[in-house]
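Here is what each chain is made of, one letter per residue.
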Amino acid sequence: LSMIEMFSNIRNYTVRFSEEPNFLDFHERLKFFCYFVDENVWGLYSADLLRTLPRDGTIVLKISEDRKNLDTVQEIYNDLIHRSAKRNLTVISIGGGILQDITGFAASTLYRGINWIFIPTTLLAQADSCIGSKTSLNYQGYKNLIGTFYPPSEVYIYTPFLASLTDLDFFSGLGEVVKLHMMGGAEKTAEFKELLPSVIGRDANVLERCVKNSLLIKKSYMEGDEFDTGKRNLLNFGHTLGHALEVVTDYRIPHGQAVIIGIIFANIAARNRGFLSKNGFDRLLSTLLSALPISTTMAPQDFDEEIIIKAMRMDKKRTGEDFALVIIKDDYTMVKIIDFKSEEISRSLAELRELLL
Ligand SMILES: NC(=O)c1ccc[n+]([C@@H]2O[C@H](COP(=O)([O-])OP(=O)(O)OC[C@H]3O[C@@H](n4cnc5c(N)ncnc54)[C@H](O)[C@@H]3O)[C@@H](O)[C@H]2O)c1
Ligand SMILES: [Zn+2]
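Residues numbered from 1 in each chain as written. Chains lettered and ligands numbered in written order. Predicted model: local features only at pLDDT ≥ 70, side-chain atom pairs only at ≥ 80, totals over all residues. Heavy atoms only, no water.

Draft legend 1. Seen up close, the overall build of the protein chain. A tally of helices and strands in the protein chain yields 13 helices and eleven strands. Against the compact-globule benchmark of 21 Å for 357 residues, the protein chain has a radius of gyration of 20 Å, which places it among compact chains. If you line up the protein chain on its principal axes, its C-alpha atoms span 60 × 40 × 40 Å. Classification of the 357 residues of the protein chain by burial places 55% in the buried group. Summarising the internal contacts of the protein chain: among those between residues at least 6 apart in sequence, 74% fall at separations of at least 24. (Helix = DSSP H or I, 4+ residues; strand = E, 2+ residues; numbered from the N terminus. Rg over C-alpha atoms; globule rule 2.2 N^0.38 Å. Buried < 20%, exposed > 50% of the residue type's maximum accessible area, 1.4 Å probe, protein only. Contact = heavy atoms within 4.5 Å.)

Draft legend 2. Molecular detail of the environment of His82. You can see His82 is positioned in the loop between α3 (70–81) and β5 (90–95). Relative accessible area serves as the criterion here: at 67%, His82 is assigned to the exposed category. Here the side chain of His82 touches Asn78 through a polar contact of 3.4 Å, landing on its backbone oxygen. (Polar contact = N/O pair within 3.5 Å; in protein donor to acceptor, adjacent residues only side chain to side chain.)

Draft legend 3. Quick look at the coordination of the zinc ion (ligand 2). At this site the zinc ion (ligand 2) is bound by Glu176 (OE), His239 (NE2) and His255 (NE2), with donor distances of 1.9 to 2.1 Å. Sequence spacing of the donor residues for the zinc ion (ligand 2), all on one chain, is E-x62-H-x15-H. Of the two residues, Glu176 is situated in helix α6 (residues 167–183) and His239 in helix α9 (residues 239–248); the sequence distance between them amounts to 63 residues. The same class applies to Glu176 as to His239, namely buried. (Donors = N, O, S within 2.8 Å, 3.2 Å for Na, K, Ca; no water.)

Draft legend 4. Spotlight on the site of ligand 1. The local shell around ligand 1 holds 22 residues, among which Asp38, Asn40, Gly97, Thr122 and Ser164 are the closest. Here an oxygen atom of ligand 1 and a side-chain polar atom of Glu65 are 2.8 Å apart. Contact distances for ligand 1 include 2.7 Å between an oxygen atom and a backbone N or O atom of Gly97. When ligand 1 sits alone it has 860 Å² of accessible area, and the protein chains cover 85% of it. For the shell around ligand 1, the secondary-structure elements that each account for two or more residues are α2 (39–45), α4 (97–109) and β8 (142–149). Considering only residue class, the shell around ligand 1 consists of seven nonpolar, eight polar and seven charged. (Near = heavy atom within 4 Å. Areas by Shrake-Rupley, 256 points an atom, 1.4 Å probe, with all protein chains shown as cover. Nonpolar A, V, L, I, M, F, W, Y, C, P; charged D, E, K, R; others polar.)

Draft legend 5. Highlighting a nonpolar patch on the surface. Judged by side-chain polarity, Leu70, Tyr139, Tyr142, Leu145 and Met314 come together as a nonpolar surface patch covering roughly 520 Å² of accessible area. Positionally, Tyr142 belongs in strand β8. (Patch = residues over 30% accessible without salt bridge, like charges linked within 9 Å, V, L, I, M, F, W, Y side chains within 5 Å. Salt bridge = Lys/Arg side-chain N within 4 Å of Asp/Glu carboxyl O.)

Draft legend 6. Helix α12 (residues 305–313), seen in detail. Buried residues of α12: Ile308, Ile309, Ala311 and Met312, and no others. All buried residues of α12 lie within an arc of 160° about the axis, which places them on one face of the element. Facing away from the buried surface of α12 by more than 90 degrees, the exposed residues are Glu306 and Lys310. Against the buried residues of α12 lie α9, α10 (255–272), β10 (323–328) and α13 (342–356). Its side-chain oxygen 3.1 Å from the backbone nitrogen of Glu306, Asp304 forms the N-cap of α12. (Arc of directions from axis to C-beta.)

Honestly, it's all geometry; don't read function into it.
Here's what the structure looks like:
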């Protein structure tokens, strides 16, 4: 498998897996282009992989979660509107999920949409966000409040980029990879568990296999629900508590790790309701824990019940008084249960605390 075809209401596109770094020739193929490169990626790769990029057509962008906003998008507009190319311009983005969100939003809005090619360089972006067709910006302290649906026209995945990720960024991406494999069923979960030591050792071939699995599974949940109204919602597995934990810890816990903890929490709640047997629970738990190296840095105050429940109440996807959680059953089918009572949430939270601290 060297490519995945994505079908989208906006435009169909292709994800290509490259063995060699020879895909970076857009400046030779396109008349009007502008590369945007994450500053850290540029620092690591400008002397080798990225050395052929033309300097006058390359913008190195400083990225951070607090630069994922309209100000940075305006910097990009200001840069691009002075170029002679207008609607025929192609933006080529090289970086992680933050660069994807900022430049994708800019590309989707400038001149009502210009051509956009994305080369993801983090595990999260390669295995998950590159096919979401969403772009998001933070606004007034709220995460991902503004955004558009706009898939890139082409995605190129080159897994050797993953070798240089910090452990923190690597494990953050790994959380979504675990989530997607579980959502892919018993076989994919078992395969992942077996590969996990090589994944953590960053074996490029194994990583490529996991990235492909993840994208194919995500694609299967997106099919027919690009705009996130039904089945795609299940991709929120682990995210209800995950988001709350991120907020409570002021984003000290990286997203993917918060998601893993969120999945453990959802599994506890599912077990308490009888959706998951003790065996099923234990089997999933061992895989989850082996992809969670930071559990030891968790502190009791991170699980403060009052604050977490308050954060969960703020969940923008929530309706009514009860709590909704996506859960997994023994046979690995996924369902969204929308009537968890606050006592159930408290009890599951207490059990989670017991388990992790
Ligand atoms: N649009 C979507 O569908 C979608 C989906 C999920 C997440 N997101 C967003 O993605 C963001 C997180 O993305 P991320 O985890 O990729 O983080 P990121 O873009 O912040 O990258 C993490 C860090 O790794 C660095 N980096 C990137 N590539 C590297 C490489 N090859 N080697 C070494 N360092 C490298 C970056 O400079 C950064 O410091 C969040 O803002 C999240 O909201 C968007
Ligand atoms: Zn996520």
